[in-house]
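Understanding the architecture of this molecule
Spelled out, the chains give:
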Amino acid sequence: HEWASRFGVTFRNFALLLLLLLLSSCSLPPTLPLPPGGAGEANPELRTNAAALEKWQDMRFGMFVHWGPVALKGTEIGWSRGREIPFNTYDSLYMQFNPVNFDANEWISIAKEAGMKYFVITSKHHDGFSIFHSDYTEYDIANTPIKRDLMKEMQLACEDQGIMFSTYYSVLDWYHPHYTTRYRNEPRPIEDSNMDIYKQFLFDQVGELITKYNTNLIWFDGQWEASWTHEMGMELYQYCRDLNDDLIINNRVDKGFKGMAGMTDSIAKYAGDYGTPEQRIGGFNNTYPWESCITICKQWAWKPDDQLKSVQECIHTLIKTIGGDGNLLLNVGPMPDGRIEERQVEVLREIGAWVKTNEAGIYGSRGGPYMPTEELACTYNGKNLYLFVMGDSREIVVPALEGVKIRKARLIGDSHRDDS
Ligand code: FHN
């Protein structure tokens, strides 16, 4: 309680406050050692590109988009094929997919206004549909009524607006005839399926993402089925980095991803640059980078009248994620006509207003040194410590930091007032 007398700061009762503590002596933990991730045991020398990783970690907040012809049905992308939607019906939806109100610049402006610094689009999900012009399949956006290369438009909009363009790619493909695992009771036999042919198709398409669409990060997914092996995962990681050494690649490229907590079992063995907790906030970890992917609604893809998270829930999720030294990838599912639903845009707009006020404690920060709780999260940036206060605590007590003296404290957004 001696600390309370030194550091007790009484706040007015805000829902969210950011307190800037200016530290007078040594700054906080030194730059972290080289990132532990990379190509896995097949090539232990090929480690994560530290500069590319740091640039991505500094961004802290991105937009995830799950979109495709399935939006016409309002059911879950990939998973509703052969469940709510019969296989043949699902696989024919692309012939009606005509998002005439799609405007890439509007999507990226919405992301930017929300404070998001990178953008990840489902280039191909488990349903096998390519939302880009691919030279290796007819099951792509070129063969829909809209014909336009929508992903190229997203890439250019990102580059125009200074948002990092990135792509999601599912290694499993329940549509491709040579992928050797069928989803549930799909009747197509696999006797004539040849995984080597599928693997070549996959490598060719990933090569397009890197060379034709200049993706900066590849968000692989669908690694869990037996058709995809550890050896394929390490080979794919190496292939991607050979094409562009600055790429950031998640841990779902290989088989090391362990459950929805999203971290990698044996980083030395398995390929990948960061962990991917899903629909949850990852645990504090400042040694192996991570990013939580979480939906703003319940479903990944568009669903009419889906349950929408509140602004406060989204902001608290962001705070606790960056307080744990992770990134947050917040997902929206656009409508079949190409628009993002207005009520989702409004939530993103309000998140952005909060982020703008508090960005000093967000972008370029690292999590800690205090562990995130339901009431408090902490980041640091050089000599500045940022305490994010959630809930209605009337007094915040934080332990002294060894070898550090607090020189000044003030409320962000209330800069004339110092609670020293
Ligand atoms: O099956 C997918 C799911 O549809 C969604 O894409 C999430 C987002 O990362 N990943 C898989 C489930 O883990």
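Residues numbered from 1 in each chain as written. Predicted model: local features only at pLDDT ≥ 70, side-chain atom pairs only at ≥ 80, totals over all residues. Heavy atoms only, no water.

1. Some remarks on the overall build of the chain
Of regular secondary structure, the chain possesses nine helices and 14 strands. Compactness check: the chain gives a C-alpha radius of gyration of 22 Å against a globular reference of 22 Å for 420 residues, within 12% of the reference. Along the first, second and third principal axes, the C-alpha set of the chain runs to 75 × 45 × 40 Å. Pairs at least 24 residues apart make up 71% of the contacts formed inside the chain by residues separated by at least 6 positions. If the 41 positive side-chain charges of the chain are averaged to one point and the 56 negative ones to another, these points end up 5 Å apart. (Helix = DSSP H or I, 4+ residues; strand = E, 2+ residues; numbered from the N terminus. Rg over C-alpha atoms; globule rule 2.2 N^0.38 Å. Contact = heavy atoms within 4.5 Å. Lys, Arg positive; Asp, Glu negative; His and termini not counted. Charge placed at Lys NZ, Arg CZ, Asp CG, Glu CD.)

2. Some details on the site of the ligand
If you check the shell around the ligand, you find 14 residues, and the closest are His-66, Trp-79, His-126, Asp-221 and Glu-278. One of the side-chain nitrogen or oxygen atoms of Arg-252 is found 3.3 Å away from an oxygen atom of the ligand. A distance of 2.7 Å is found between an oxygen atom of the ligand and a side-chain nitrogen or oxygen belonging to Glu-278. Split by residue class, the shell around the ligand holds eight nonpolar, three polar and three charged. (Near = heavy atom within 4 Å. Polar contact = N/O pair within 3.5 Å; in protein donor to acceptor, adjacent residues only side chain to side chain. Nonpolar A, V, L, I, M, F, W, Y, C, P; charged D, E, K, R; others polar.)

3. Considering helix H4 (residues 104–113)
Among the residues of H4, those classed as buried are Ala-104, Trp-107, Ile-108, Ile-110 and Ala-111. Axial view of H4: buried residues confined to an arc of 155°, hence all on one face. Among the structural elements, strand E3 (61–65), strand E4 (118–124), helix H5 (150–161) and helix H9 (342–358) are those in contact with the buried residues of H4. Near the N-terminus of H4, the side chain that reaches the backbone nitrogen of Asn-105, with its oxygen 2.9 Å away, is that of Asp-103. Two residues or fewer past H4, Gly-115 is found with a positive phi of approximately 90°. (Buried < 20%, exposed > 50% of the residue type's maximum accessible area, 1.4 Å probe, protein only. Arc of directions from axis to C-beta.)

4. Quick notes on the state of the cysteines
A full pass over the atoms with the stated rule returns zero disulfides. The thiol of Cys-293 is not disulfide-bonded; the next cysteine sulfur, from Cys-314, is found 14 Å away. Left without a disulfide partner, Cys-297 is nearest to the cysteine sulfur of Cys-314, which lies 9.1 Å away. The buried category is assigned to Cys-297, whose relative accessible area is 5%. (Disulfide = S-S within 2.5 Å.)

5. Remarks on the nonpolar core
Among the nonpolar cores identified, the biggest contains 93 residues, and Trp-67 and Phe-119 are the most heavily contacted of them. Looking at this core, the element that brings in the most residues is helix H6 (residues 195–211), giving eight residues. Within the second largest apolar cluster, 16 residues are counted, among which are Phe-64, Val-120, Leu-217 and Cys-293. (Core = buried A, V, L, I, M, F, W, Y, C linked by side-chain atoms within 4.5 Å.)

6. Examining the environment of Asn-251
Looking at the element boundaries, Asn-251 is found in the loop between strand E7 (248–249) and strand E8 (291–295). Distance in space between the C-alpha atoms of Asn-251 and Pro-369 is 26 Å, their sequence separation being 118 residues. Engagement of the side chain of Asn-251 in a polar contact is seen with the side chain of Thr-264, the distance being 3.0 Å.

7. Examining the confidence of the model for the chain
Taken residue by residue, the chain gives an average pLDDT of 91. The fraction at 70 or more is 90%. pLDDT under 50 marks residues 1–17. Its contacts with residues more than four places away, or in other chains, come to 47 contacts. Confidence drops under pLDDT 50 across residues 415–420; counting only partners more than four residues distant or on other chains, this segment forms 16 contacts. (pLDDT = per-residue confidence, 0-100.)

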